[in-house]
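Read off the chains here:
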Amino acid sequence: MIKNYFKIAFRNFWRHKLFTLINIIGLSIGISAALVIYLIVHYDFTFDKFHKDSDRIYRVVTNFSFQGQPSYTSGVCAPLAVAIKSQATGVEFTAALFTLSPDVFIAGKRNVPVRFKAQERVVLADQQYFQIINYVWLAGSSKSALNSPNQVVLTSEQAKLYFPKLTYDQMIGKVVTYDTLKTTVTGIVQTIKENTDFTFHDFISFSTATANKFLGDQLQLKEWESTNSAFEVFVKLSPNASAVNVEKQLNSILKKSSPPRPEDKGSTHAFGLQPLNDIHFNEKYGVFDFTSAASKTTLYGLLVIAAFLLLLGCINFVNLTTAQAAQRAKEIGIRKTMGSSRIQLVVQFLSETFFITLLSVIISVMLTPLILKLFADFISPGVKADFLHQPNIILFLIILTIIVSLLSGFYPAIMLSGYKPVLVLKNQAQSNSNKTRNAWLRKSLTVSQFVIAQFFIMATILVSKQIYYALHKDLGFKKDAIIVINSPWKNRKMSSNFVLLNKLRSIPQIELVSIGAGAPSSGQTNITAITYKDGKKEIKTAVELKFGDENYIKLYKIKLLAGRNIQAADTSKSLLINNTYARILGFRDPHEAIGKQLNKFNGDKKKTIVGVVADFYERSLHSPINPLAILVGNDIYQTGTFHVSLKPQTADGDEWKKAISAMGKSWKELYPDDDFDYHFYDETIAKFYESEQHTSTLLTWATGLSIFISCLGLLGLAIYTTNQRTKEIGVRKVLGATVAQIVTLLSTELILLIFLAFIIVTPVAWWAMNKWMQSFADRTTVSWWIFAASGAGMLLAAVFTSSFQTVKAAIANPVKSLRSE
C-alpha cells in the first residue's frame, strides 16, 4: 500500500511539475535556513555544559556606580582570591586567573630559541583551577603541578606545538620562557574538545607572581582600590551552599578591607556572582579579553527568521495544494466509491507532503556546507555540518521533516479527504460555502506572507540606516587618514619611543605624529574616581582618562572650547576635560572651569583644568558620552602607541603606500624581530558595528528569500487563477475589454491584499524598530519613508511577478480560449 501511495504521489508531481517545483524550492529555502540557524544556535547554547557540577561554578564580577552611572567588569581586585579562601564559608574551591600575552621561547637546535609571538591564552593560575574546570591529565601530578613558583602546565595541543617530537612524559621538566620568565613544565592536560570559553593553553603557577617583582607589581596583589579586567576569580560553591549568602560574604570582606569614606557618597563598589552558564552570553561583563560574548537576542532573532522562512514555504504549499483541490476531486470521489476510508486518503495526501518535504531536506543538507562557507565571515569556525559525528543534527532533521509535513499537509489532507463522492461525480466538488472558506484561507495565508516579507524589508532598511548614521556621524574627532601604531610591549622604552617618534616625523608624507595610550574612541577603558570641591560640597565622578601629548587633540581635530591645549611640561599638574564633565561640575560656560583644581587624582597631587574640549564619543553610539579627562601623564613616552596623520593623497597617488613602507622600514630598524603592527583608525570605528553589519547582512538575505518565496507562491496562484478564468477572460476580450483592463481586473485583489498586509505590519514593525533602537544612546529617526518604501517595494515585486502570467493571459487570443471551453 505504501508503495502505491508513493507511486500515485510521483505521478501527481510529474503532472504538475511547476507547482511541485515551487513547493520544493520554497520548502528547501526554509529548511536550509532552519538547519543552518539550528547549527549556530546549538553551537552557542552548548558552551561549557560538560563541566561536573556546573551549576555550582561562578565567576566573581565587579559592579560600580558613580553618581548614578553604572559600570561593570569581570575583573576584581587582586587580594580577593586569598581573602575568599581564608574568610568565606560555603566555597569549596577558589581559583584566580591573570591573563597574559607574552612571547614564548623554546630551546631549539643548538640551543637557538624558537619564538612564538604574542600568545594570547596564557594565564597565571593555581591548582584549584583544575578542581573547578574539568581537564584530563596526560602527564604530571594533578595535585602538585602548580604548587611552586615558575612551574607551568600545558594543554596537549600547545605542548605538541612547543615540543613536536617528544612524548607527553618526555616534556615534563622542559623549560618554557615567557618573555624573560623561565618556567619548568610540570604537567600536560588534554585540550578540551567540547565547546568552551576556557581556551587557555599555558597555565603558569600563580605563586610565580609573588616571587617575581615585575609580575607582582603588575597584579597589585595588595591593592583593594584597583580593579583589573585581566584579573578574574572563579569559585565552586559547596553542595547546598547559597550563592546569595556567599555574595553577601564577599561584599562584607570588601567593606572590611576597603571601608567606605565620606567622599564616596553617591558611589558604590560591590561584588556579584555570575553563573557559569551566563558567561558565554553576558555582553555586560564579556567573556575573556580575547573572546566576545554571544548575544541571546541575536540568537533568538535568528530562530524567528528561520521560523518565518519555514512558515513562508509551508504557506506556499497549503495555498497551491488547496487551489488545485478541484483538479483532484474526481480521483477522490472514485477512491471513496471504491471503498477508501477518509483516514486512508489523509495518509495518501500526507505521504505526498512527506515525499516533497524529504526531497527538500535532502537538498537542504547538500546546500548547508555551501551556506556556511558563504557566511564564514561572521559564523564561528566551530559551527560545522558534521552529519556523521553529530547525531543531534539527524534527530533535528527527522523532527523538522515530521513537523513541516504535518504543518504543510494536514489541512489540505483533511480538506481533500472530506469531499463527498456524490457531489464530486456530479462535478460539484465543493459547496459555495466551502469554496468561500478555502478562498478566505488562501487570502489570509497570502496576507501573512506579505506581512512577513514587508517586516523584513522595513527592518533591513532601518538597520542599514542606523549603520550608515553611525559610520558617517560627526563623532567629535577626525578618523580618516590616521594610522595607529603599537610598539612591542616588552620593548616599550622611552629612548626607543623617542627614536621612533623622530623617525616618523621625518617622513614627508606624514602630516602630524602624536604619542599616547589610546585613540579618542576605542575598546580600551581607563576609569578613575576624581573629586572636585566647589567650596560647598564635594562632587565625586567616575572619569575616563585619555593620555596624549600636545599634538593629540590637534591630530584628531578635537575642538577646544575654552582655555589652552596641554603641553609637554603639563605631566604632573594640568589636564583637559570634556564639556560633559564641565557641566557635571556645575559650569554652564566652559570658560568657568579654567583654573579649577581636581583633588585626589589617583593619589597624585592636585591637577588644574587648563582647557575644555568639545564632547566626542569615547566608544560606539551604543554608549552615551561620559565625563572625560585628557592629560599627558608621567609615563606618556613609555606607552608605545603612536597616532599618525597622513597628508591628503592625490588622485591615483601612492603617497600613503610610500608612507607605510617608510614607517615599516623605521620600525624594523628598531624592532627587527617584530612584525610591523599598525592599522587605519577608521577600521577600528567600523568594527564597533560589526554585530549590526552582520545583522544587516542576515536581514538582507532573509528579506530577499522571503520576497522570493512569496513571489514564487504568488506566481503559482496567478497561474492557477488565470487558468480557472480562461473562459471569462476570453468573453471579456470578445466584448471589447482591453489588455490593461484585464490585467487590472486580475491584479486588483492582489493589490488589496498587499495593502491589508501593510496596514497590519506597520505598527508591529514600528514597535520592534523602536525597541531595537533603544540599545543606541545616539540613534537615527524611524522615518515614515521606511514604511512607504517597503510597501511600495513589496507591491512592485508582487505586481511584477504576477504580471508574467496576467499579461500573458490578457494578450492571449480569445478564440483559442473559447474554443477549448
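Residues numbered from 1 in each chain as written. Predicted model: local features only at pLDDT ≥ 70, side-chain atom pairs only at ≥ 80, totals over all residues. Heavy atoms only, no water.

This next bit is on the overall build of the protein chain. Within the protein chain one finds 26 helices and 24 strands. With 821 residues in all, the protein chain has 49% of them scored as buried. When contacts within the protein chain are restricted to residue pairs at least 6 apart in sequence, those whose partners lie at least 24 apart make up 79%. Carbon and sulfur atoms form 59% of the exposed surface of the protein chain, whose accessible area is close to 39,400 Å². (Helix = DSSP H or I, 4+ residues; strand = E, 2+ residues; numbered from the N terminus. Buried < 20%, exposed > 50% of the residue type's maximum accessible area, 1.4 Å probe, protein only. Contact = heavy atoms within 4.5 Å. Areas by Shrake-Rupley, 256 points an atom, 1.4 Å probe, with all protein chains shown as cover.)

For the rest of this paragraph, the subject is the pairing of strand E6 (residues 122-125). Neither face of E6 is exposed, since Val122 and Leu124 on one face and Val123 and Ala125 on the opposite face are all buried. Across 3 bridges, the pairing between strand E3 (residues 91-100) and E6 is antiparallel. For Thr99, the partnering residue across the bridge sits in E6 and is Val123. Sheet topology places E6 next to strand E11 (residues 202-205); 4 bridges connect them, and they run parallel. Paired with Leu124 across the bridge in E11 is Ile204. (Pairing = 2+ DSSP bridges.)

Take the confidence of the model for the protein chain next. Per-residue pLDDT for the protein chain averages 83, and the proportion of residues at 70 or more is 89%. Low confidence marks residues 429-433, where pLDDT is under 50. Its contacts with residues over four positions away, or in another chain, come to 7 contacts. (pLDDT = per-residue confidence, 0-100.)

To continue, consider a nonpolar patch on the surface. A surface patch of nonpolar side chains, about 510 Å² in accessible area, is lined by Ile394, Ile398, Ile402, Leu406, Phe410 and Ile414. Residue position: Ile394 is located in helix H14 (residues 391-417). We classify Ile394 as partly exposed; its relative accessible area is 38%. (Patch = residues over 30% accessible without salt bridge, like charges linked within 9 Å, V, L, I, M, F, W, Y side chains within 5 Å. Salt bridge = Lys/Arg side-chain N within 4 Å of Asp/Glu carboxyl O.)

What follows deals with the sheet that holds strand E24 (residues 678-680). Ordered in space as E15-E23-E14-E24, the 4 strands form an open sheet in which the pairing is antiparallel. Only two strands of the sheet have a single neighbouring strand rather than two, namely strand E15 (510-516) and E24. Sheet twist, expressed as the average angle between the axes of neighbouring strands with direction ignored, equals 20 degrees. Sheet topology note: the E15/strand E23 (residues 641-646) ladder contains 6 bridges and is antiparallel. When the bridges of E23 are listed, Leu512 appears paired with Ser645. Packed on one face of the sheet, helix H20 (residues 655-670) meets strand E14 (482-486), E15, E23 and E24 and runs near 15 degrees to E14. (Axes fitted to C-alpha atoms, helices over the stretch in contact; angles between N-to-C directions.)

Applying the stated rule across the entire model yields 13 salt bridges. Residues Arg56 and Asp53 are paired through a salt bridge, measuring 2.8 Å at the closest nitrogen-oxygen approach. Here Asp53 falls in the partly exposed class, since its relative accessible area comes to 26%. The residue Arg121 makes a salt bridge to Glu120 at a minimum N-O spacing of 3.6 Å. Linked by salt bridges that have partners in common, Asp53, Arg56, Glu92 and Lys236 make up one network.

Take the packing of aromatic side chains next. Tallying each qualifying case throughout the model produces 30 aromatic pairs. An angle of 90 degrees between the planes, with centres 6.0 Å apart, marks the rings of Phe477 and Phe616 as edge-to-face. Separated by 139 residues along the polypeptide, Phe477 in the loop between helix H16 (432-472) and E14 and Phe616 in the loop between strand E21 (607-613) and strand E22 (628-631) bring together distant segments of the chain. The pair Phe477 / Phe616 is uniform in exposure class, with both members buried. Among the aromatic residues, those joined into a cluster by ring pairs are Tyr129, Phe130, Tyr135, Trp137, Phe200 and Phe203. One Lys or Arg, Lys160, reaches over the ring of Tyr168 and ends 5.2 Å from the middle of that ring. Positioned above the aromatic ring of Tyr72 is the side chain of Lys284, whose terminal nitrogen or guanidinium carbon lies 4.4 Å from the ring centre. (Phe/Tyr/Trp six-rings, centres within 6.5 Å; stacked < 30°, edge-to-face > 60°. Lys NZ or Arg CZ within 6 Å of the ring centre and 35° of its normal.)

Its location among the elements puts Asn23 in helix H2 (residues 17-45). The exposure class of Asn23 is buried, given its relative accessible area of 4%. Leaving out residues up to four positions away in the same chain, Asn23 has contacts with Asn316, Phe317, Leu320 and Ile356.

This brings us to the packing of helix H24 (residues 739-773) against helix H25 (residues 784-811). Two numbers describe how H24 lies on H25: the axes approach to 9 Å, and their chain directions differ by 155 degrees. It follows that H24 is roughly antiparallel to H25 by the angle criterion. Seen along the crossing, H24 lies across H25 with a hand that is right-handed. Looking at the contact of H24 with H25 residue by residue, the classes come out as 20 nonpolar, 5 polar and no charged. (Parallel < 35°, antiparallel > 145°, perpendicular 65-115°, else oblique. Left-handed = near helix turned anticlockwise from the far one by under 90°. Nonpolar A, V, L, I, M, F, W, Y, C, P; charged D, E, K, R; others polar.)

What follows deals with unusual backbone geometry. Positive phi values are uncommon outside glycine, yet Asn240 reaches one of about 70 degrees. For Asn240, the position within the fold is in the loop between strand E12 (231-237) and helix H9 (243-257).

On to the side chain of Ser360. Take Ser360: it is sitting in helix H13 (residues 342-374). Note on Ser360: relative accessible area 0%, which makes it buried. Within the structure, Ser360 has its side chain in polar contact with the backbone oxygen of Ile356 (distance 2.9 Å). Not counting chain neighbours up to four residues away, the residues in contact with Ser360 comprise Ile24, Leu27, Ser28 and Ile31. (Polar contact = N/O pair within 3.5 Å; in protein donor to acceptor, adjacent residues only side chain to side chain.)

As defined by bridge partners, strand E16 (residues 527-533) adjoins strand E17 (residues 538-547) across 7 bridges and the pair is classed as antiparallel. The residue of E17 that forms the bridge with Thr531 is Lys540. Where E16 folds back onto E17 in an antiparallel hairpin, the turn is made up of 4 residues, including Gly535, whose phi is positive at roughly 100 degrees.

Across its 16 residues, H20 extends 23 Å between first and last C-alpha, which sits within 8% of the 22 Å expected from 1.5 Å per residue. Listing the buried residues of H20 in full gives Ala659, Ile660, Met663, Gly664, Ser666 and Trp667. What you see down the axis of H20 is that its buried residues fit within an arc of 165 degrees, all on one side. Along H20, exposed side chains directed more than 90 degrees from the buried face belong to Lys657 and Lys665. (Expected span 1.5 Å × (residues − 1). Arc of directions from axis to C-beta.)

Right, let's talk about the packing of helix H22 (residues 690-724) against H25 for a bit. Viewed as axis vectors pointing N to C, H22 and H25 meet at an angle of 30 degrees, and their least axial separation amounts to 9 Å. Classed by the angle they form, the pair H22 and H25 counts as roughly parallel. Crossing geometry of H22 relative to H25 is assigned as right-handed. Each of Ile707, Cys711, Leu714, Leu715, Ala718, Ile719, Thr722 and Asn723 in H22 lies in contact with H25, whose residues at this interface are Met794, Ala797, Ala798, Thr801, Ser802, Gln805, Thr806 and Ala809. Among the residues making up the contact of H22 with H25, the classes are represented as 10 nonpolar, 6 polar and no charged.

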